[in-house]
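One-letter residues, chain by chain:
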Amino acid sequence: MTKALRGVNSILIHSGECPDPTTGSVVPPIYQTTTFAFPTNESMMDLMEGKSEGYIYTRYGSPSYTMVESKLAALEGAQSALVLASGMAATSTALIAQTKSGDHIISHADIYGGSFGLFHDLLPRFGLETSFVDVTDLRQLESAIHPNTRVIFLETPSNPTLRVCDITAIAELAHAHGIRVVVDNTFATPYNQKPLILGADAVVHSGTKYLNGHSDVMAGAIVGTTAYINECVNVFRKLGGNLNGIDAWLLNRGMKTFGLRMARHNQNGQVVAEYLATHPRVEKVHYPGLRSHPQHDLAKQQMAGFGGVLSIELKGGQEEVNRFLNRVDLFTRAVSLGSVESLITQPVAAVHYSVPDSYRQMGGITTNLIRISVGIEDVEDIVEDLDQALHNS
Ligand SMILES: Cc1ncc(COP(=O)(O)O)c(C=O)c1O
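1. Section: the layout of surface pockets
And step 1. Taken as a whole, the largest pocket encloses approximately 860 Å³ of empty space.
And step 2. Together, 27 residues line the largest pocket, and G54, Y55, Y60, V233 and R237 are the ones closest to its centre.
And step 3. Those elements that provide at least two residues to the lining of the largest pocket are α2 (41-48), α3 (63-76), β1 (80-84) and α10 (226-239).
And step 4. The element best represented in the lining of the largest pocket is α10, accounting for 7 residues.
And step 5. The residue inventory of the lining of the largest pocket, partitioned by class, reads 12 nonpolar, 12 polar and 3 charged.
And step 6. Estimated volume of the second largest pocket: approximately 360 Å³.

Structural data, given as structure tokens:
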């Protein structure tokens, strides 16, 4: 690829792409294959010994992955990237690649429920303990550091309370103690935030969300230095969390419009947050783009935009939440986020259902909290739908 790739949209459309060498097809084929042929036995051996580049078996790699990885590394300002079958495959692989039994992890309670379950329920079975602290408070974070702490895992903005933590300050503190910082950049996306440039060591993504953006592909990614991604590749090949051919192709296609979609999500998210912030039935709006957000100044420093996800605390309890959620019409009641269509969900009903009460309290995940993923529909229609649902419920 010799084209100069300057802007985000140019990267998304051209990085990793070239016409198919066999047919000239401008759009890459779907590599729906498990295995790749070699002209000679020696050539297979050369590949295994790292003397040549290529593909041998789809669990090890595929041309479709390479295209996406090239786009993601360029977007995050990184040396390398690895795509995987889901965000959870990315998070688990990224952590297993840099820890061993007896190590300690620090994270926070307001993270994606699946990641919480990984840290709280699964990793302790393999001798890895996690402390959950308020990572917006550096003193609290520092006091949780032990000699065996290896990784600080952050989500910023966090799911579902949109809290923002200071990536640069946390990375400085972590590095002074020889600890690595991994940031789940799913909510912000590299369009709005580049954690590696801010000092983090690695980034993970649920590609299921904004990167693909159409609610039709499960995918994940890890982004970082080539040395670290090679460690992850070793683990990935053994755990087997690979994407399939058609999903890799769809992700690559979805990413071509990622920049356009994000610009619109940013605009729509801000309008909806401002509308809800003035509504008498809404107790609180959590959105880093609002001046009332406790880390608004920090968010402005480390983010270029604030995305389409926000959460609100509705006045009332479960009954009021049910009535409101049952009244929405343009919105779809569903988990997930970051897609073209607007989605709405009550975290304690599904995504954070399994998070124990004490951790929900720590993370601010209350019963009246509703997570809203603002899509790219016409914003007047989105606001009108929320307005009628709030008014009639
Ligand atoms: C912030 C965040 N990280 C990771 C994940 C997990 O991604 P996936 O569902 O693709 O495994 C999710 C899923 O909702 C998420 O919201």
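2. Brief notes about a negative patch on the surface
And step 1. Residues E380, D381, E384 and D387 make up a contiguous surface patch of negative charge.
And step 2. Mapped onto the elements of the fold, E380 is located in helix α16 (residues 379-392).
And step 3. Classification of E380 as exposed rests on a relative accessible area of 56%.

3. Observations concerning helix α11 (residues 245-255)
And step 1. In terms of burial, α11 is largely enclosed, as 9 of its 11 residues are buried.
And step 2. For α11, the secondary structure elements touched by its buried residues are α1 (8-14), α3 and α12 (258-277).
And step 3. Its side-chain oxygen placed 3.3 Å from the backbone nitrogen of I246, N244 serves as the N-cap of α11.

4. Thoughts on the sheet that holds strand β10 (residues 332-333)
And step 1. Strand order in the open sheet formed by 5 strands is β8-β9-β12-β11-β10, with mixed pairing between adjacent strands. Two strands close off the open sheet at either side, each with one partner strand: β8 (282-286) and β10.
And step 2. Where strand β9 (residues 309-314) meets strand β12 (residues 369-373), 5 bridges bridge the pair, whose relative direction is antiparallel. Considered in β12, the bridge of E313 is made with L369.
And step 3. Set on the sheet, α12 makes contact with β8, β9 and β12; between it and β9 the angle comes to about 10°.
And step 4. Lying over the sheet, helix α14 (residues 318-327) contacts β9, β10, β11 (343-345) and β12, oriented at roughly 135° with respect to β9.

5. Quick look at the pattern of salt bridges
Side-chain pairs of opposite charge can arise whenever the charged atoms involved come near each other.
And step 1. With the rule as written, the count across this model stands at 9 salt bridges.
And step 2. Across the pair R150 and D103 runs a salt bridge whose closest N-O atoms are separated by 3.5 Å. Taken together, the residues span a long stretch of sequence, with R150 in strand β4 (residues 149-155) and D103 in the loop between α4 (87-96) and β2 (104-107) at a distance of 47 residues.
And step 3. Using a relative accessible area of 29% as the deciding quantity, one classes R150 as partly exposed.
And step 4. For D103, a relative accessible area of 4% translates into the label buried.
And step 5. The salt bridge involving R323 is made with E319; its shortest N-O contact spans 3.5 Å. Taken as a pair, R323 and E319 lie in helix α14 at a separation of 4 residues, close to a single helical turn.

Procedures and definitions
Residues numbered from 1 in each chain as written. Predicted model: local features only at pLDDT ≥ 70, side-chain atom pairs only at ≥ 80, totals over all residues. Heavy atoms only, no water. 1 Å grid on protein atoms, 1.4 Å probe; cavity = no way out; pocket = protein on both sides within 12 Å on 5 of 7 lines; lining within 4 Å. Points joined across faces, edges and corners; volume = space filled by probe spheres on them. Helix = DSSP H or I, 4+ residues; strand = E, 2+ residues; numbered from the N terminus. Nonpolar A, V, L, I, M, F, W, Y, C, P; charged D, E, K, R; others polar. Patch = residues over 30% accessible without salt bridge, like charges linked within 9 Å, V, L, I, M, F, W, Y side chains within 5 Å. Areas by Shrake-Rupley, 256 points an atom, 1.4 Å probe, with all protein chains shown as cover. Salt bridge = Lys/Arg side-chain N within 4 Å of Asp/Glu carboxyl O. Lys, Arg positive; Asp, Glu negative; His and termini not counted. Charge placed at Lys NZ, Arg CZ, Asp CG, Glu CD. Buried < 20%, exposed > 50% of the residue type's maximum accessible area, 1.4 Å probe, protein only. Contact = heavy atoms within 4.5 Å. Polar contact = N/O pair within 3.5 Å; in protein donor to acceptor, adjacent residues only side chain to side chain. Pairing = 2+ DSSP bridges. Axes fitted to C-alpha atoms, helices over the stretch in contact; angles between N-to-C directions.

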